[in-house]
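Below are the chains, spelled out letter by letter.
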Amino acid sequence: MTFQRYRQEAAATLRLGAPLIAAQLAQISMGFVDSVMAGRLSPRDLAAVAVGANISWPISFLWFGVLIAVSPSVAHLYGAGDRERIGHCVRQGLWLTVIMGVGAFFSLRNAHHFLGWAGIPAELVPTTTGFLRAVAWGAPGLCAYQTLRSYSEGTSMTRPVMYTSIAALAANIVGDYVLMYGKFGLPRLGAIGCGVASAIVMWLSAGTMLICILTLKHYEGDRIFSKFEGPHWPEIRSLLRLGVPMSMGWFMEASLFGAVALLMGRMGTMVVAGHQIAVNVASITFMIPLGLSMAITVRVGQAMGRKDMDSARAAGFTGISLAGAFMAICGLCMFTLPDLITRIYTNDPAVRQMAVTLLFMAALFQISDGLQVSAAGALRGLKDTKIPMFITVIAYWLMGMPLGYTLGIVLGGGAKAVWIGLICGLTAAAVLLNSRFYFLTRRSTLNIV
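Just so we're clear, the structure is a prediction, and the values are computed from it rather than from any experiment. (Residues numbered from 1 in each chain as written. Predicted model: local features only at pLDDT ≥ 70, side-chain atom pairs only at ≥ 80, totals over all residues. Heavy atoms only, no water.)

### Quick word on the overall build of the chain
Part 1 of the argument: Along the chain, the regular secondary structure elements total 16 helices and 0 strands.
Part 2 of the argument: Relative to a compact globule of 449 residues, whose C-alpha radius of gyration would be 22 Å, the chain shows 22 Å and is just as compact.
Part 3 of the argument: Dimensions of the chain, computed from C-alpha atoms along their principal axes, come out at roughly 55 × 50 × 35 Å.
Part 4 of the argument: When burial is assessed residue by residue, the chain has 55% of its 449 residues classed as buried. (Helix = DSSP H or I, 4+ residues; strand = E, 2+ residues; numbered from the N terminus. Rg over C-alpha atoms; globule rule 2.2 N^0.38 Å. Buried < 20%, exposed > 50% of the residue type's maximum accessible area, 1.4 Å probe, protein only.)

See the structure below:
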């Protein structure tokens, strides 16, 4: 690939990805707002929101993550210029949305049964249960939003996603303030109010995306809502075959970080606080390659729709290199400015010392994290999701987690040793996923396994 072509591909990826990065940053900011608002109420409300969020998001993603399959499916059809089939694909995606939305609703309504098993203190159970049951009402809306968002992304229309996410962040701030604190004559709901606000925002996001699709000229050619169409099970099964491994892959990574947090809980308050700071910083930087990975999926998918393997390969590796470069810069900042970063979160010397130590560790896996998520995005563009799912299971749960547990808990290495397992898992995923994309795109034609 010539430098000129690399510049053109990089520019196209950044134009497509920049709004998605902004959207992801807006979404992660909602969690920050929830924590700040709850923290000003009471430690119990803050703890209930933290526990509820850590339970609700992995469960939700298992359901709405399946619907991300609409993005590469639409991208392939868009690249092929088959606008009529795009409409059919999205309509079937909406039927799948109903199934996923109902599943997410009942899963969250019953998630409180895990609280006792997870060892959550009894005084937190009622409030956390109320939070989870409130969020459950928004789960179908979240699924609808994801389907419409994936459709929009697949057609290279990412700005409505950004605007919707920013509007959702603003609505979340207002909703938290009014419902958690009991403003304008409404009852003071505390952490449960946070769940209610989140549910409302999920439906508002779906509604905003729907309005964009109904009113913007870009979407007219796909005629999504031009006719009623019943369930077409072959198309729905195709989306499930693509989407279930995707959602499981995401869940493997999210659950890895959740499990590491549980291991940190054994090491004392200062370790947990320092770990939370380091993870929060890493989560924010992760939004950059995550947004790029979504753009990479679209660029690769559209090239495959045109049956242009050379362009798919160029789009994938250009995006992967951009993600790696961004994360190298982030890692350098963590390594050289840890004191400045930790002062944003706390003035406690002991917590800051632990956070600085773990930020050094986080700096080491920044590049690996960027390379693995961007390679996964490139593979999604090829509609290759089954093998990547197994790769994430092996890298995170057969390598990273056992290693971290052995070094940190069994051998007494402490927090840094647990994070070594995290680094090794992410690095293994990065190597394996990038290798798979490399070898698949060497072929002149692609038969997905």
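Having seen the structure, we can now continue with the description.
### As for a nonpolar patch on the surface
Part 1 of the argument: On the surface, Leu 25, Ile 284, Ile 344 and Tyr 345 cluster together to form a nonpolar patch covering roughly 350 Å² of accessible area.
Part 2 of the argument: Here Leu 25 shows up in helix H1 (residues 3-39).
Part 3 of the argument: Judged by its relative accessible area of 32%, Leu 25 is partly exposed. (Patch = residues over 30% accessible without salt bridge, like charges linked within 9 Å, V, L, I, M, F, W, Y side chains within 5 Å. Areas by Shrake-Rupley, 256 points an atom, 1.4 Å probe, with all protein chains shown as cover. Salt bridge = Lys/Arg side-chain N within 4 Å of Asp/Glu carboxyl O.)

### Some details on unusual backbone geometry
Part 1 of the argument: The phi torsion at Phe 184 lies on the positive side, around 55°, for a residue other than glycine.
Part 2 of the argument: Turning to its location among the elements, Phe 184 is positioned in the loop between helix H8 (159-181) and helix H9 (191-215).
Part 3 of the argument: Not every positive phi belongs to a glycine, and Lys 383 is a case in point at roughly 60°.
Part 4 of the argument: Position of Lys 383 among the secondary structure elements: in the loop between helix H14 (349-381) and helix H15 (386-410).

### Section: the nonpolar core
Part 1 of the argument: With 72 residues, the main nonpolar core has Ile 55, Val 74, Leu 96, Tyr 151, Met 180 and Leu 290 as its most contacted residues.
Part 2 of the argument: Tyr 151 has contacts with Val 70, Val 74, Ile 86, Val 90, Ile 213, Tyr 219, Asp 222 and Ile 224, leaving out every residue within four places of it along the chain.
Part 3 of the argument: The next biggest cluster of nonpolar side chains, apart from the first, holds 48 residues, and it includes Val 260, Ala 315, Ala 428 and Leu 433. (Core = buried A, V, L, I, M, F, W, Y, C linked by side-chain atoms within 4.5 Å. Contact = heavy atoms within 4.5 Å.)

### Some remarks on the packing of H1 against helix H2 (residues 43-64)
Part 1 of the argument: Orientation of H1 relative to H2, taken along the N-to-C sense of each, is 155°, at an axis distance of 7 Å. The orientation of H1 relative to H2 falls into the category roughly antiparallel. Contacts between H1 and H2 pair Asp 34, Ser 35, Ala 38 and Gly 39 from the former with Asp 45, Leu 46 and Val 49 from the latter.
Part 2 of the argument: Taken together, the residues of the contact of H1 with H2 break down into 3 nonpolar, 2 polar and 2 charged. (Axes fitted to C-alpha atoms, helices over the stretch in contact; angles between N-to-C directions. Parallel < 35°, antiparallel > 145°, perpendicular 65-115°, else oblique. Nonpolar A, V, L, I, M, F, W, Y, C, P; charged D, E, K, R; others polar.)

### Regarding helix H7 (residues 139-154)
Part 1 of the argument: In a regular helix each residue adds 1.5 Å, so 16 residues correspond to 22 Å; H7 covers 23 Å between its end C-alpha atoms and thus fits that length.
Part 2 of the argument: With 15 of its 16 residues buried, H7 lies for the most part within the structure.
Part 3 of the argument: Directly after H7, the chain includes Ser 156, whose backbone phi takes a positive value near 70°. (Expected span 1.5 Å × (residues − 1).)

### Quick word on the pattern of salt bridges
Pairs can form between side chains of opposite charge whenever their charged atoms are close.
Part 1 of the argument: On inspection of all chains with the given rule, the structure shows 7 salt bridges.
Part 2 of the argument: Put simply, Asp 310 and Arg 5 hold a salt bridge, and the shortest N to O gap is 2.6 Å. In this pair, Asp 310 is assigned in helix H12 (residues 309-336) and Arg 5 in helix H1, connecting sequence segments 305 residues apart.

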